[in-house]
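Listed below are the residues making up each chain.
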Amino acid sequence: MVTMLDVARSAGVSKSTVSRVLNGKNIVREEIKALVYKAIEETGYRPNLLAQQLATQKTNMIGLVITNDVYNGPFFSTLVYNAAKFCEEHDRRLIFADGKIPQKKR
């Protein structure tokens, strides 16, 4: 996995500079931005969502707990479609969970 440090080394800049470029800070000169973007393309860097979530303490995830009644009901596909569409429009990720309460074993 390619890291921001790998991009920084490839571009000949600091890791902080790469971070500023990726976060859209305007304090980076255009020629430096070009170097960073070129290094990103060459290295195949992709931001690590988990690392971003840890750093910002925000997950951008919405949980949807669904009971068995909804699974078997006529509106399940409509519910899932609209929930996914809402999340996509608001740059969020959707997580499903089964809300069924487990039965006690005898």
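For clarity, every value in this text was computed on a predicted model and none was experimentally measured. (Residues numbered from 1 in each chain as written. Predicted model: local features only at pLDDT ≥ 70, side-chain atom pairs only at ≥ 80, totals over all residues. Heavy atoms only, no water.)

**Student:** Looking at this structure, I do not really get the side chain of Thr17. What am I missing?
**Tutor:** Inspection of the secondary structure puts Thr17 in helix 2 (residues 15-22). Judged by relative accessible area, which is 11%, Thr17 ranks as buried. A polar atom in the side chain of Thr17 sits 3.2 Å from the side chain of Arg20. Ignoring anything within four residues of it in the chain, the contact list for Thr17 reads Val28 and Ile32. (Helix = DSSP H or I, 4+ residues; strand = E, 2+ residues; numbered from the N terminus. Buried < 20%, exposed > 50% of the residue type's maximum accessible area, 1.4 Å probe, protein only. Polar contact = N/O pair within 3.5 Å; in protein donor to acceptor, adjacent residues only side chain to side chain. Contact = heavy atoms within 4.5 Å.)

**Student:** How should the pattern of salt bridges be read in this particular structure?
**Tutor:** Applying the stated criterion across every chain, the model contains 3 salt bridges. We note a salt bridge from Arg29 to Glu31, for which the minimum N-O separation is 2.7 Å. Of the residues examined, Arg29 reaches a relative accessible area of 53% and is grouped as exposed. With its nearest N and O atoms 3.9 Å apart, the salt bridge here joins Glu42 to Lys38. One end of the pair, Glu42, and the other, Lys38, are both in helix 3 (residues 30-43), 4 residues apart, so they sit about a helical turn from each other. Lys38 carries the same exposure label as Glu42, and that label is exposed. (Salt bridge = Lys/Arg side-chain N within 4 Å of Asp/Glu carboxyl O.)

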